[in-house]
Structure formats: C-alpha cells, structure tokens
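Working through the structure, step by step
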Amino acid sequence: MGRLPSKDKIGVMTKKYQPANVSSDDDGTLLRDSAGFLDRMGHILGMSKVKRYVNVGGELFGAVGPFLDKPTWWSGVRALLGMGKVLVDDVEVWADDYFTTGEWEEPYSPDFNQTLVPVLQRFPYERIKTTEENTYVRICTLPNGVRCGWTVVGKLHQVDHVFVESERIDEGRECIKQLLWAQFQGKSLIMRKNNSAMSREARVVFEVDNAFESKLSKRATTYAEYLARPIKEGVPRSVMFYGPPGTGKSTLARTIVELMNMRSFRIRIGDVDNLDNATLFEALSIFEPDAVILDDFDRAHTQAQLLETMEQFQRTVKLVIVTVNDRRRLDDALMRPERIDELYLIDRMDDEVIKHVLGPYVDGFETVKDWPIAFIGEYVKRRRFMRPDEAEASLKELTLRVAEMTERQVRSSSHDMSMQAMIDMLRKTDKVVSQPDPPKNDEDMSPFVDDDEDDE
C-alpha cells in the first residue's frame, strides 16, 4: 500500500482541480447556491402536476419493465394492459385547470362565495375527482337549467371561487338573486364586513335584521305616504333623520320601509368604512334592495368615500334613509341634493311608539316621554320585577342618569348650549330654509317641513 500524500500536497491538488472560475474562497457561495438549487427543485417536484407526471411515468415504466426484461408475446400483452390501466386511472382532472377553459365565468367577486355556496349546494350536483388529495370539483344545476360549480379544497371544504357557464352568465346571476332573497324570505337584511382573518365566516355577511322592531305611528304613516309619491313617479329619494341619540330614528326608518313594502338593507356606517365601494356596489347588484338604511352616518371616518356611495345609491336604489346624531359633523358636500335630498329633525319619539314600548306600564308615560329609548326600555324591565317602593326609588335613579347624560351632551356641544336650545335653533333654521309655499291641501304638504304641531 502506497504512502498517503502530505497535507501540502493535498492543498496543491485541491487548487489544481478546482474550476478555473471558482476560488477556494467561494466554497460557502457554492454551498448556498447548491442549497438554493435543491430548494427550487424540491418546490418544483412538490407541485401537484409535476408529482403526478413523475408518478405516472414511474407507473408506466413499471408496467413495461417485464417486457423489456423478457420480450415475449405474453409479457408484451401484460405490458400493454398495464399501461392502459395507468392511463385510464390518470383521467382525473386538474383542480387548477377545470374552470380555466373559457367555458366558465365568475358571476360575483370571491367576497360573496360563503354567501352563495350554502344556497347553490342544495341542488342536484355531480362530484368530480381531481388529481389533488382532499380536493374535488362540484357541478350543480340551478332551477333554470344553468350549470354552476366550484372547487372544494381541504378537509375544511374551503371555496375560493364560484363559476357559472359563460354562455348563460346573465341567466345565472338572475337566478342566484332570486335564490338569495328566497333564503331570507324577503325580510329586511343587515350587511356587515367580517374582518377576522381566522374566521370561517363569509367576508361579507348578510343576516336578517332583527335589531329594530318596526313600530307603527302617525309620523311613520305620514312619511311613508309622502315618499310613495315621488317613488311612484320614478324619482329616487334620500332622506336624513337627525337629532339626539335614543329618539327612535332607526326604528322610524325601519317602519317606513316596511309600510312601503320595500326590500331593504341596513348598513352600519362603520362597516361602510371597512368595505370598499366596489364590494358595496356589487352587493347592491346581487340583492337589488329597494331601500337602504345607513345608521350613524355622522360617524364615518372617510366622508370622501361617502360622496361616491351616496351618488351610486341615487342611481340604483329607490329610497335611502340616513340617521345622524349631529349633522354639523358632516361635510357640506354631503348635504346637497342628489346626496341628501330632504332633512327632518327627530328630537323625540312619537307618543304612540313610547306607549307601545311601555306596554302595561303606560302609567309612567308622562315621566319618561322625553327619555332616550334605552332608558325607557330599562324602566319597563325594572317595573316587571320590582315592588312599588323599589320602582319609586329606581325611577329617581334613572331620572338622575338621564339628567347626567344630557349634561354631558351640553358640555360636548361646540356652542355650549343646552340640548333644548340646540333643538330650537335647528327648528328655526329649518323653517327659514325649507318653508314651502302654502299648500292647497294636505296631500300637497311634505312631512319633511317642520311645524310646531307635529313636534309636540
């Protein structure tokens, strides 16, 4: 056995046989480049299509292998049958490619998928196996014969896109609209944005609006009759109800749209801030509501966005009602006609509504008639279980809280005036600005003109 070379000789040999363009100092770079290359190859080989091609190639080679070893008639027949079986088993579709043939089109943006799928999956369907594990294509047929489908991914049944036949896309959209309203039985809806990244809930959520119960009153009936006139002539209206919190503005709005037999959306202004206008307008296109109620309009963070929103509402919705606690916080640009057409001060609830809320405890009407609705509701709850002496003491406590809340409102006013003085000033301003010509009869008078008798 020969002698081993010395360390010096090994170093010379190493340098001699290195590539000319690589120095010994680049060893770390070579290792990093090699690692990067292996990572890229691993990523490519990990792709579902590549994995499938490799698997099929291996199966085909395995089927033809015996024939290559011993080329006989019998081994040839076995090889052909084995190759045929491999190719037949590979007829499964590629999940990523199924809806990219030009025959399918998304009717709506992915924001609404979680709303659409529960409705669509009720109909007869075909389940198509794909090459990817825990992934399949589902094709269903709508009542009007239009086919739609989506890819279901993973054990959680995630759906990223919903498709409809391209040639019948308009028919599909119209059918989907009817199905969605039927799901909610034509009831008024509230639309909100789901901002939780971890939630499986839809990105845009539609729910039956149970937050406000409509309460019939003379004022609601008068407004509904008045608003029906321009809408009958094809003239859309946008109305603002403004006044102190707890005076029943949202309840009044809900009652009006129900009296007018309108399908309505209620949208909290905080959700408008979280929704881009494209999503909001697409929701209007899907559901086509007759009326939209925007609560707490003066709490919007980006009023510039509301300009476009209100103009779009005027073009697509018959009636828009916005509720506002302090209209002075709104930009002048929002207050002009075609964004807000008519304004009306709501400084207290109608007597009929208050008596309805009080129910069997209407004997306390004179005491609570000027309270915000939340305090009246609390008064009713306490009356249900308190003894007379407890109720008397409780009434004093609630009265004090209402007074303290009113005092805080006074302090927060930029003009440091009492709530009643502010209301009086707004009334006078409205009378000067919106006083109409004397009407010929009661039907010609708009209820959106203040008069002392209506507010008493």
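Rules used in this analysis
- Residues numbered from 1 in each chain as written.
- Predicted model: local features only at pLDDT ≥ 70, side-chain atom pairs only at ≥ 80, totals over all residues.
- Heavy atoms only, no water.
- Helix = DSSP H or I, 4+ residues; strand = E, 2+ residues; numbered from the N terminus.
- Buried < 20%, exposed > 50% of the residue type's maximum accessible area, 1.4 Å probe, protein only.
- Contact = heavy atoms within 4.5 Å.
- Areas by Shrake-Rupley, 256 points an atom, 1.4 Å probe, with all protein chains shown as cover.
- Polar contact = N/O pair within 3.5 Å; in protein donor to acceptor, adjacent residues only side chain to side chain.
- pLDDT = per-residue confidence, 0-100.
- Phe/Tyr/Trp six-rings, centres within 6.5 Å; stacked < 30°, edge-to-face > 60°.
- Lys NZ or Arg CZ within 6 Å of the ring centre and 35° of its normal.
- 1 Å grid on protein atoms, 1.4 Å probe; cavity = no way out; pocket = protein on both sides within 12 Å on 5 of 7 lines; lining within 4 Å.
- Points joined across faces, edges and corners; volume = space filled by probe spheres on them.
- Nonpolar A, V, L, I, M, F, W, Y, C, P; charged D, E, K, R; others polar.
- Pairing = 2+ DSSP bridges.
- Axes fitted to C-alpha atoms, helices over the stretch in contact; angles between N-to-C directions.
- Parallel < 35°, antiparallel > 145°, perpendicular 65-115°, else oblique.
- Left-handed = near helix turned anticlockwise from the far one by under 90°.

1. A look at the overall build of the protein chain
The number of helices and strands found in the protein chain is 17 helices and 12 strands. Of all 456 residues assigned to the protein chain, the portion counted as buried reaches 42%. Taking as baseline every contact in the protein chain between residues at least 6 positions apart, the subset at least 24 positions apart corresponds to 69%. Entry remark: accessible area of the protein chain is about 27000 Å², with carbon and sulfur atoms responsible for 54%.

2. Points about the environment of Q303
Topologically, Q303 is positioned in helix α11 (residues 303–316). As a C-alpha pair, Q303 and L330 span 27 residues in sequence and 7.7 Å in three-dimensional space. Those residues in contact with Q303 that sit more than four places away from it in its chain are R329, L330, D331 and L334.

3. Some remarks on the side chain of E342
Here E342 is to be found in strand β12 (residues 342–345). Classification of E342 as buried rests on a relative accessible area of 9%. Within the structure, the side chain of E342 is placed 2.9 Å from the side chain of Y226, a separation counted as a polar contact.

4. Structural notes on the confidence of the model for the protein chain
The share of residues in the protein chain with pLDDT of 70 or more is 69%, and the mean pLDDT across the chain is 76. Confidence drops under pLDDT 50 across residues 1–25; counting only partners more than four residues distant or on other chains, this segment forms 5 contacts. For residues 432–444, every residue scores under 50 in pLDDT, and the model assigns this stretch 7 contacts once sequence neighbours within four places are set aside.

5. Some details on the packing of aromatic side chains
Applying the stated rule across the entire model yields 13 aromatic pairs. Here the aromatic cluster, defined as three or more aromatic residues joined through ring pairs, consists of F112, W181, F184, F206, F265 and F287. R138 extends its terminal NZ or CZ atom over the ring of Y125, reaching a point 3.5 Å from the ring centre. Taking NZ or CZ as reference, R327 lies 4.4 Å from the ring centre of Y242, over its face.

6. Some thoughts on empty space enclosed by the protein
In total, this model carries 2 cavities of 30 Å³ or more according to the counting rule given. In this structure, the largest cavity spans a volume of roughly 100 Å³. Lining the largest cavity are 14 residues, with T247, G248, L252, D350 and V353 sitting closest to its centre. Of all the elements in the fold, those that place two or more residues in the lining of the largest cavity are α7 (218–232) and α8 (249–259). The leading source of residues in the lining of the largest cavity is α8, at 3 residues. By residue class, the composition of the lining of the largest cavity is 5 nonpolar, 5 polar and 4 charged. The volume enclosed by the second largest cavity comes to roughly 30 Å³. Together, Y379, R382, R383, A391, S394, L395 and L398 line the second largest cavity. When residues of the lining of the second largest cavity are traced back to their parent elements, those giving at least two are α14 (373–385) and α15 (388–412).

7. Here's the deal with the sheet that holds strand β1 (residues 104–105)
Taken together, the 5 strands give an open sheet; going across it, the order is β1-β5-β4-β3-β2, and neighbouring strands pair in antiparallel fashion. The open sheet has two edge strands, β1 and β2 (125–129), and neither has a second partner. Note: β1 against strand β5 (residues 158–165), 2 bridges, orientation antiparallel. The partner of E105 across the bridge, within β5, is V164. Packing of helix α6 (residues 169–183) onto the sheet brings it into contact with β1 and β5, and relative to β5 it is tilted by some 125 degrees.

8. Here's the deal with the packing of α6 against helix α10 (residues 277–287)
Direction vectors running N to C along α6 and α10 enclose 85 degrees, while the axes themselves pass 8 Å from each other. Looking at the two axes, α6 sits roughly perpendicular to α10. Contacts between α6 and α10 involve K177, L180 and W181 from the first element and S285, I286 and F287 from the second. Counted by class, the contact of α6 with α10 contains 4 nonpolar, 1 polar and 1 charged residues.

9. Topic: the packing of α7 against α8
Contact geometry for α7 and α8: axes closest at 9 Å, N-to-C directions at 50 degrees. On the basis of their axis angle, the class for α7 and α8 is oblique. In this structure, the crossing between α7 and α8 has a hand that is right-handed. Contacts from R219, A220, T221, Y223, A224 and L227 of α7 reach α8 at L252, T255, I256 and L259.

10. Overview of the environment of L280
With respect to the element layout, L280 can be found in helix α10. Taking the C-alpha atoms as reference, L280 lies 9.9 Å from R192; in sequence the two are 88 residues apart. In this structure, L280 is in contact with M191, I267, T309 and F313, ignoring residues within four places of it in sequence.

11. A few points about α8
For α8, a buried count of 9 out of 11 residues is recorded, marking the element as mostly surrounded by other parts of the structure. K249, S250, T251, L252, A253, R254, T255, I256 and V257 are the residues of α8 that are buried. Its buried side turned inward, α8 meets α7, β8 (237–242), β9 (264–268), β10 (291–295) and β11 (319–324). One or two steps after α8, the chain reaches N261, where phi turns positive at roughly 55 degrees.

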